[in-house]
Amino acid sequence: MEILDRRLNPKGKSLPNRQRFLRRAKALIQDAVRDSSAQRDIRGADGGGEVSIPMHGVREPSFSLGQGGIREHVLPGNKEYREGDEIQRPPGGGGGGSGNEGSDDGGGEDSFRFVLTREEFLELFLDDLELPDLAKRRLAQLVDPAFRRAGYTSSGSPANLSLSRTLRNSLSRRIALKRPKPEGIAQFEAEIARLEALGDPADEVPELRAQLERALRRSQRIPYIDPIDVRYRRFEPVPRPVAQAVMFCLMDVSGSMTEDMKDLAKRFYMLLYLFLQRRYKQVEVVFIRHTHEAKEVDEQTFFHSRETGGTLVSTALEEMRKVIEARFPPGEWNIYAAQASDGDNAAGDSTRTARLLLEHLLPAVQYYAYIEVGRDGEHGMPGFPRGATDLWRTYEQLVVAGAPMAMKRVRNRREIFPVFRELFRKRGLTEEATA
Amino acid sequence: MSAGGLNPRSQASENSPRSQASDNRLLYSDGEWDFETLRRIHDACEEIALGEMGLSVYPNRIEVISSEQMLDAYASTGLPLFYKHWSFGKHFAQQEALYRKGLRGLAYEIVINSDPCVSYVMEENTATLQALVIAHAAFGHNHFFKNNRIFKDWTDAKGILDYLEFAKNFVTRAEERFGEVAVERTLDAAHALMSQGVHRQRQRRVPDLRSEELRERERRDYDAARFNDLWRTVPGKTQAHVPPSELERRRALLQLPQENLLYFLEKSGPRLAPWQREIIRIVRNVAQYFHPQRQTKMMNEGCATYTHYRILNRLHEQGRISDGAMLEVLHNHSSVIMQPDFDDPRYSGINPYALGFAMMQDIERICEHPTEEDQEWFPDIAGCGDAMPVLRDAWAEYRDESFILQFLSPHLIRKLRLFHLSDDSGKPAIKVGAVHDERGYRRVRQALARQYDPAWTEPDIQVVDVDLSGDRRLIVEHRVLHGRTLEEKEARLVLRHLAYLWSYDVLLKEIDPVSGTVLREHAVSPPHD
C-alpha cells in the first residue's frame, strides 16, 4: 500500500480541454457574452461571470432509443396497484417512468450555464475588434532598439565567440592547405624507429627523416587556428514598435450633461481603456473636462464633480494639445482620444474647434472617437428626427474629408457596446460590409 | 454458477488475536487526519477485508487530492490522464458550475480499475469519511475489479495506465502533426460511435498465415498417416461444390455482420489515414475498458457498500472507531443508499447503491437466517451459515442482469414493493404487469433483470454490407426491438459522423427482426469539405 499526496501536482490540468471547449463553442459563447454584457453594470463590464449557451450547439450525439414502442419498467414503492390495473398516461405525453438514466450529464436541459474568467470574457468580447492604425506612422524615428541575432561577423567581443563556426573554418582551411595530420607524423616516426631497429637495410631512413622534417615544418607554418578563422555571433539592433499608449478622455461637464449622459460616457471610456490595455503594455489615461474652460483632472473629479458654465469645446482641444506637447511626444506614444459630449457648442467656436483638430490633434493621434450622448427617448418621436448638433456638423465635415476619426450617437446604455464595436470593428470586416 | 468457487477458509480469522490489546484502540480521535492516520485506517480495514471477509485485492495506492483536482478527474471520466478533447472541458465547466452553486456535492472518492488500484480521496474529507472511502473503494471496488469475470476477461488492469499515457501522447503528437481541428473532428466522430465501439462477445480469432500453414500441414500429415488407396474404390456421392455467393464472400472478407462499428471502421475504413485509425482504436479501447463497468454498476456498488458497511461496523465493535464516528458513518451510509419511491419528486431511477446493498444484505440473511420461502427459492444457499463464500462467488461470476435473475428474492421484492409496468405506446393506458405477489415475483424479477441488460436497453446496430463494386455505400442495420426505433435527430447527427469516417454514403435501415420489414431508413452523405 502506498499513499501519495497529489495536492501539489500542477493545477489546471483541464485547462487545455477548457480552451478547446471555448474554441469549439466560440460563436455561441460570443453571442452569450454580448447579451450578458448589454445588461452589465459598469463594474461588471470587465469581470468574468456566468454565461448561458444553448445546449444543442455543443451536443455530443449518440444513438439512443426514441419515444414509442413497448417499454417495460420496474419501479419501487408500489402503494395501491394490483396486477392488471391500467394507469392513464399523463397528459403531457411524457410517458411513465424515467427510462434508464435519461439525464446522465444534465443532457435534458436546453441551456447550459458556466462561468468565464475575466480574461476569457474580454478575449471573446473584444475578439474581432482592432485598433485602427495600430502601427505608428513615424516608426522609423523610434529610439527603442531591441537586439536580434543576425548571422556572424569576423570581429566582436570574446563573449560572442562562436566556437563551432570558428572551428569549422579552421578545419576547412587546414584541409585546403593540406596541413599534415598528427597521425601522419606519428606514423613517420614509428616507421623510422622500426627501420632503425632493423639496422636500416634499404637505407630509407634519411629519406624518411627529410619527409618528417618537411611535414613538421609545414604543420608549424600552417597554424591550427588562424585569426581569419575566428567568427563572432552578430547582433543587430531593430527598432521595436512603441508599446505604450495614452488615452485622452474629453468630456463636456456643463450643466446640460446629466448624470445619465455621463454614465454613458463613462461606460464608453471603460471599454476603450480595457481595449487599449489588451493591446499595449502600458496605457496612460488623461482626463480633460471642460465647460467654457478646460482642465486636466483626476478620474474622481472627472466623473463626479459638477461644474457650471457655458460650453466651449475648443478649450478642451487646446488643453489636450498642451498636454501632448508637454508629456506625450507623438513619436513615442500611441495617442487615442475619445470625446463625449451632448453636442452643444457655443456658436462661434466651431471654426476654431475644426482648425485645432485638423492642424494639431488629428496629425498626432491614432484615432479620435467622438460619441454624442443624448437622453433616452429623445429620438423616440417619430417624424421629428433630431437635428444634427453644432459639434456633429463640425466633425462630420472632417470625417468626410478623411480624417482618422469616427463618430456615433448613443442614447441608451444598451447601445454602448454595439457602438463601441462598430467604431473598432476590424477594417476588413467594414469593407466587406460596405462592399 | 458453480459452487466450486465457494471458499470456507475465511471463517478461521473471526477473532482477531489482538482483540484484547490496549484500552485506547481508536484509530483516530477526532475528524483530523494525517498520512499516518490513513495508513492505520488502511491497515485496520485490510485486516478485516482480507482476514474476515476473505477478499482478494490488487495492491492499493491511495492518492490525496484537492477538490479542484477532483473536478478535473470528473471531467475526464475519472481517468487520471486522458487525451485532450473539448467535451471534457464542457463537462468540467458544467460540473464546476453545479458545484460552485452548491447544487451538487463532489463524490468522496474515485477509484480506478488498475493494478495497483488507485483510489483518489479528497483532502476535505474527515477522518471518518476517509475510513469509509478506503473501505468502500480500496477494498470493496478493488475486490470486485480484481475478481469479477467480466473485468478479468475484458480489461487489463495492469496495462491501463500505460495505455492511457500512450493514448494521451499519441493524440498530442497527432495534434501537432495534423492540426487540432483534424484530430478533433476524428475524435468527435469516434466519440459519437463510442457505445457502438465495443465487442460484446469474444471475437473469433482471425487465423493468421502461420497458424493456417501449421494446420494445413497437420491435416496433410494426418491424411498421409491414414492413407489407404482402397477408399478410392468405394463408390460414394459426388459432392456438389457450391461456390460462395458474392455477398457471402464479401461478408467473410469484411467480417460482417459487425456490431463493433469502430472496429469495422478501423479495419476497413477505405480512406482513413493511419493516425485516424489509431485514434479510432484508442477510443474503441477506452470504450471497451468501460464496458464492464456499465454492466456491473449495481453489483459493483453493492459489493463496495456492503464491504464498507461490514468493515466499519466491525471496526466499531472492536472499539477502533468511536460512537460519534460511527454515527457519521451511518449518516453517510444511509444517504448513499436512499431509495425514494417512484412517486417521490426525488425519484430518478433505481439507486444502484440501494439495490446492490439490499441484495447483498438479503443474501446474507438467506444464508444465515433463511425462511421457508427462501429454502424453496434458494435451496443451494439457504441456511448455509456463512454468506461470504456465496457473496464472493456472486461477485466473481455474475453481472447485474444475471445477478438479479439469480438472487433477487421474493422477500426483497416485497420489501422494496417493486412493480412492473408495461408501456405500449399503441395503447391508451399503461398496464401494471406484475406486483409483489406470488404470481408476480418471477415476472418482476425478469423485467428488472432486463432493465440491467445492455441487450435490452441499448439499440442493436450492426454493419451488414458494403457496396464494394458500386458506390461503396455502407449499410448499417438497427434491429428494432419492441418497436422502439431510434431518436431520429440524434441518429442523423451520429450518421453524419459515421459518414465522415467512412467517407462515402451511409444508409441506416431500421428493420423489424421478426418480419424483416424496413420500418425506417436514414441516408446520409459524407460532409463535403
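This one's a predicted model, so the numbers in the text were calculated from it and none came from an experiment.

Peer 1: How do you make sense of the overall build of chain B when you look at a structure like this?
Peer 2: The helix and strand tally for chain B stands at 22 helices and nine strands. Restricting the contact set of chain B to residue pairs at least 6 apart, pairs at least 24 apart contribute 71%.

Peer 1: I would appreciate a short explanation of the overall build of chain A in the present structure.
Peer 2: Helix and strand content of chain A: 13 helices and 13 strands. Going through the 435 residues of chain A one by one, you find that 25% of them count as buried. At a minimum sequence separation of 6, the contacts of chain A that also span at least 24 residues come to 80%.

Peer 1: Just to check I follow, could you spell out the sheet that holds strand β1 (residues 2-5) of chain A for this structure?
Peer 2: Paired through their backbone hydrogen bonds, the strands of a sheet run either parallel or antiparallel. Across the sheet, which stays open at both edges, the four strands sit in the order β1(A)-β1(B)-β3(B)-β2(B) with mixed pairing between neighbours. Lying at the two open borders of the sheet, with one neighbouring strand each, are β1 of chain A together with β2 (109-112) of chain B. Taken over all neighbouring pairs, the strand axes of this sheet differ in orientation by 20° on average, direction set aside. Bridging between β2(B) and strand β3 (residues 117-122) of chain B involves four bridges; their strand directions are antiparallel. Its bridge partner being in β3(B), Ile110(B) is matched across the sheet by Tyr120(B). Sheet contacts for helix α2 (residues 67-75) of chain B: β1 (60-65), β2 and β3 of chain B; angle to β3(B), the most-contacted strand, approximately 135°.

Peer 1: It is not clear to me how the interface of chain A and chain B should be interpreted in this structure. Could you clarify?
Peer 2: The figure often quoted for interface size is the accessible area lost as the parts come together. Across the boundary between the two partners, chain A contributes 58 residues, which contact 81 residues of chain B. For the side of chain A that touches chain B, the secondary-structure elements that each account for two or more residues are β1, α1 (15-24), β3 (70-75), β4 (86-88) and β5 (111-116) of chain A. Here the residues of the side of chain A that touches chain B sort into 18 nonpolar, 20 polar and 20 charged. Bridge count between β3(A) and strand β4 (residues 419-424) of chain B: six bridges; the pairing is antiparallel.

Peer 1: What is the right way to read the environment of Asp30(B) from this model?
Peer 2: Residue and element names in this part refer to chain B. Tracing the chain through its elements places aspartate 30 in the segment before α1 (35-52). You can call aspartate 30 exposed: it has 12 C-beta atoms within 10 Å. Through-space distance from the C-alpha of aspartate 30 to that of alanine 127 is 7.4 Å; in sequence the pair is 97 residues apart.

Peer 1: Just to check I follow, could you spell out the packing of helix α7 (residues 180-192) of chain B against helix α22 (residues 488-502) of chain B for this structure?
Peer 2: The relative placement of two packed helices comes down to the angle between their axes together with the axis-to-axis distance. All names here are of chain B. Remark: α7 packs on α22, axes separated minimally by 9 Å, with the N-to-C direction vectors making an angle of 125°. Taken together, the axes of α7 and α22 are oblique relative to one another. You can see that α7 and α22 cross each other, and the crossing is left-handed. Side by side, α7 and α22 meet where Asp188, Ala189 and Ala192 of the first sit next to Val494, His497, Tyr500 and Leu501 of the second. In terms of residue class, the contact of α7 with α22 is built from five nonpolar, one polar and one charged.

Peer 1: Sorry if this is basic, but what is going on with unusual backbone geometry here?
Peer 2: Leaving glycine aside, a negative phi is the common case for residues, and trans is the common case for peptide bonds. All names here are of chain B. Following aspartate 115, the chain continues to proline 116 via a peptide bond in cis, the omega torsion being 0°. The phi torsion at histidine 482 lies on the positive side, around 55°, for a residue other than glycine. Among the structural elements, histidine 482 can be located in the loop between β7 (474-479) and α22. On the basis of neighbour counts, which here come to 13 C-beta atoms within 10 Å, the residue histidine 482 falls in the partly exposed class. Even without a glycine there, the phi angle at serine 503 is positive, about 75°. Considering the arrangement of structural elements, one finds serine 503 in the loop between α22 and β8 (506-511). A residue is classified by how many C-beta atoms lie within 10 Å of it, and serine 503, with 14 of them, is partly exposed.

Peer 1: Would you mind going over the environment of Met326(B) with me for this structure?
Peer 2: All names here are of chain B. Tracing the chain through its elements places methionine 326 in helix α14 (residues 323-336). Overall, the presence of 17 C-beta atoms within 10 Å leaves methionine 326 in the partly exposed class. On a C-alpha basis, the gap between methionine 326 and threonine 128 in space is 8.0 Å, while along the polypeptide they are 198 residues apart. Those residues within four positions of methionine 326 in sequence are excluded, and the remaining contacts are His316 and Ile321.

Peer 1: So what exactly am I meant to see when it comes to helix α4 (residues 127-147) of chain B here?
Peer 2: Residues lying three or four places apart along an α-helix face the same way, a consequence of the helix completing one turn every 3.6 residues. Compared with the 30 Å implied by 1.5 Å per residue over 21 residues, the 29 Å span of α4(B) between its first and last C-alpha is a close match. With 19 of 21 residues buried, α4(B) lies mostly within the body of the structure.

Peer 1: I tried to follow the environment of Ser503(B) on my own but got confused; where do I start?
Peer 2: For the pair Ser503(B) and Ser525(B), spaced 22 residues apart in the sequence, the C-alpha separation amounts to 8.2 Å. Aside from chain neighbours lying at most four places away, what touches Ser503(B) is Pro270(B), Arg271(B) and Pro526(B).

Peer 1: For this particular structure, what's the right way to read the pairing of strand β9 (residues 518-524) of chain B?
Peer 2: All names here are of chain B. Looking at chain direction, β8 and β9 are connected through six bridges and run antiparallel. In the sheet register, glutamate 510 faces β9, and the bridge partner there is arginine 520. The turn joining β8 and β9, which pair antiparallel and follow one another in sequence, is formed by six residues; a positive phi near 80° is taken by glycine 516.

Peer 1: Explanation requested: the pairing of β4(B) in the structure shown.
Peer 2: Taken residue by residue, a regular strand's side chains alternate between the two faces of the sheet. All names here are of chain B. For β4 and strand β5 (residues 429-434), the ladder comprises three bridges, and the chain directions are antiparallel. Looking at the pairing, serine 422 lines up with lysine 431 of β5. In this structure, the hairpin formed by β4 and β5 is closed by a connection of four residues.

Peer 1: So what exactly am I meant to see when it comes to the sheet that holds β4(A) here?
Peer 2: Taken in spatial order, the four strands make up an open sheet running β3(A)-β4(B)-β5(B)-β4(A), and their pairing is antiparallel. Looking at the sheet topology across the chains shown, the edges are occupied by β3 and β4 of chain A. In this sheet, adjacent strand axes meet at a mean angle of 30° when their direction is disregarded.

Peer 1: Help me understand the packing of helix α11 (residues 261-268) of chain B against helix α12 (residues 274-295) of chain B, please; the structure alone is not making it clear to me.
Peer 2: Residue and element names in this part refer to chain B. Put simply, α11 and α12 touch, their axes get as near as 9 Å, and they point 160° apart. By the criterion of interaxial angle, the relationship of α11 to α12 is roughly antiparallel. Where α11 crosses over α12, the two elements pack in a sense that is left-handed. Contact residues: α11 offers Leu262, Tyr263, Leu265 and Glu266, while α12 offers Arg277, Ile280, Arg281, Val283 and Arg284. Looking at side-chain class alone, the contact of α11 with α12 contains five nonpolar, no polar and four charged residues.

Peer 1: Teacher, can you tell me more about the confidence of the model for chain A here?
Peer 2: Note that predicted coordinates carrying low pLDDT should not be read in detail. All names here are of chain A. The predicted model of chain A has a mean per-residue pLDDT of 76, with 79% of residues at 70 or higher. Averaged pLDDT values over the elements of chain A bottom out at 41 in helix α13 (residues 427-434) and peak at 93 in helix α4 (residues 163-176). Scored below 50 in pLDDT, residues 134-142 shows 11 contacts in the model against residues more than four places distant or in partner chains.

Peer 1: It is not clear to me how helix α11 (residues 390-400) of chain A should be interpreted in this structure. Could you clarify?
Peer 2: Residue and element names in this part refer to chain A. Looking only at α11, the buried set comprises Leu391, Thr394 and Tyr395. The arc enclosing the buried residues of α11, seen along the axis, measures out at 90°, which places them on a common side. What points out from α11, more than 90 degrees from its buried face, is the exposed set Gln397 and Val400. Of the surrounding secondary structure, the elements contacted by the buried residues of α11 are α9 (313-327), β11 (334-341), α10 (350-361), β12 (367-373) and β13 (405-410). In the stretch just after α11, glycine 402 is the one whose phi turns positive, near 95°.

Peer 1: It is not clear to me how the confidence of the model for chain B should be interpreted in this structure. Could you clarify?
Peer 2: Residue and element names in this part refer to chain B. Mean pLDDT for chain B: 85, with 91% of residues reaching 70 or above. Scored below 50 in pLDDT, residues 1-23 makes 24 contacts in the model with residues more than four places away or belonging to other chains. Per the prediction output, this complex has pTM 0.70; the corresponding ipTM is 0.77.

Definitions and limits used
Residues numbered from 1 in each chain as written. Chains lettered and ligands numbered in written order. Predicted model: local features only at pLDDT ≥ 70, side-chain atom pairs only at ≥ 80, totals over all residues. Helix = DSSP H or I, 4+ residues; strand = E, 2+ residues; numbered from the N terminus. Contact = placed C-beta atoms within 7 Å. Buried ≥ 20, exposed ≤ 12 C-beta atoms within 10 Å, placed from the backbone. Pairing = 2+ DSSP bridges. Axes fitted to C-alpha atoms, helices over the stretch in contact; angles between N-to-C directions. Nonpolar A, V, L, I, M, F, W, Y, C, P; charged D, E, K, R; others polar. Parallel < 35°, antiparallel > 145°, perpendicular 65-115°, else oblique. Left-handed = near helix turned anticlockwise from the far one by under 90°. Expected span 1.5 Å × (residues − 1). pLDDT = per-residue confidence, 0-100. Arc of directions from axis to C-beta.

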